[in-house]
Amino acid sequence: MPDLTNTPALDLAIALAFIFLALSLVATAIQELVSALLALRAAKLEDGLRNMLERSDGRGRAKGERGLATEVLNQSLIASLRGKHRSKLFPDVALLVRPRWKGRRPPSYVSPRAFSLALLDVLVPEPGKPSFDKVKDAVTAKKLPAGVQKRLLLLLDEAGGDVDRFRRNAEAWFDDTMARVSGWYKRQAQIILAVIAAALTIGLNVNTIAIAERIWDDPSVRAAVVAAAQSPEVTGSLEGETAKEKLANAAANAEDLPALGIPVGWSGTDPSVVPSLTSVERFLRTVGGWLITIAALSLGAPFWFDALSRLSRLRGTGKPEAPLPASERGAPNERTGGLL
């Protein structure tokens, strides 16, 4: 198969981006499946609420004491959002890991308005809109950690006697907390993704050094991989309503890599072995190639999808066009000069 461009280096970059995309789609799909099975979003939301409403002073509630976070989560408006496992024979893994949920996991998402309304209902459990004085008396009388009580009283003072303003203050507090919770979840998800990337790389023997050498030295393989990268099917793994569907689609695309001539897998001759190298050099070459692959897959599928899109556009653009003279009419899409 002939070379597709006069720039082998660009073709190599496109080919590697395509391979990393195909494999990182598998890793990302597995990570999403693990997160769903363990209900990590729900767990982090619960941890965030407990940190917000029960441990703001660095001390948790006393053993056996019903915390404010538990009351908010059990309030009818929030409790209606709770998940429930589908089968008694195959309960959610999350319910096995966290038996305190007792068959009903916390919601994965709570809106700021739902939180503030639930908080008001817990503080003053009576029909209708509570008065400002009743809310303040309830905060003062309720047994809360010192830090939580101080924060609520501060929000009340800032409200200036307006219950609606207090509710908006509580929503802003909730938003700030959830921003930190989102960071917790992303860090945990990144660790899981890195572990999966390592297992996938070693399990499939994906050596970036060996792959790059094969693509660089064999124009037919390079052309085949670049052609596959330009195919519309490359986005197929992004489709799917559930994590299982995404994983199945991603795995189907990854299975096509060996057919393109890419040295992936343990069968046959190890592509990382070069006869002229010593055993130590071969070991370092293999481990180095694995580490590059693990680092690449840990960046995630969205990164490589964007990188492949940019590289493909760069390849298709060719020589940049010179800017047209400005007409000073401000026509749509007009190039008026400058660097493109």
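See above for the structure.
Now for a quick tour of the structure.

Here is what the cut-offs are and how they apply
Throughout this description, residue numbers start from 1 for each chain and increase along the sequence as written. Reporting in this predicted model follows two pLDDT cut-offs: at least 70 for local features of residues, and 80 or more for side-chain atom pairs to be given and counted; totals over whole chains, interfaces and linings ignore these cut-offs and use all residues. Side-chain figures throughout are based on the complete set of non-hydrogen atoms in the structure, without hydrogens or water. Take a side-chain nitrogen of Lys or Arg and a carboxyl oxygen of Asp or Glu: if they are within 4 Å of each other, that pair is a salt bridge. Note on exposure labels: buried denotes an accessible area under 20% of the residue type's maximum, exposed denotes more than 50%, and partly exposed covers the range between, all computed with a 1.4 Å probe on protein chains only. Only DSSP runs of H or I covering at least 4 residues are called helices, and only runs of E covering at least 2 are called strands; the numbering of each starts at the N terminus. Any pair of residues with heavy atoms lying within 4.5 Å of one another is described as a contacting pair.

Some details on the pattern of salt bridges
Then, number 1: Scanning the model with the defined rule gives nine salt bridges in all.
Then, number 2: With its nearest N and O atoms 3.3 Å apart, the salt bridge here joins Lys134 to Glu126.
Then, number 3: You can call Lys134 partly exposed: its relative accessible area is 42%.
Then, number 4: In this structure Glu126 comes out as partly exposed when scored by relative accessible area, which is 30%.
Then, number 5: Salt-bridge contacts for Arg310 lead to Asp306; the nearest nitrogen and oxygen are separated by 2.9 Å. In this pair, Arg310 and Asp306 both sit in helix α14 (residues 301–317), four residues apart, roughly one turn of the helix.
Then, number 6: Classification of Arg310 by relative accessible area gives exposed; the value is 51%.
Then, number 7: Classification of Asp306 as partly exposed rests on a relative accessible area of 37%.

Structural notes on the side chain of Asn169
Then, number 1: Looking at where Asn169 falls in the secondary structure, it is placed in helix α9 (residues 163–204).
Then, number 2: Judged by its relative accessible area of 17%, Asn169 falls in the buried class.
Then, number 3: For Asn169, the contacting residues outside a window of four places in its chain are Leu155, Glu158 and Ala159.

Keep in mind that these numbers describe shape and distance, not what the molecule does.
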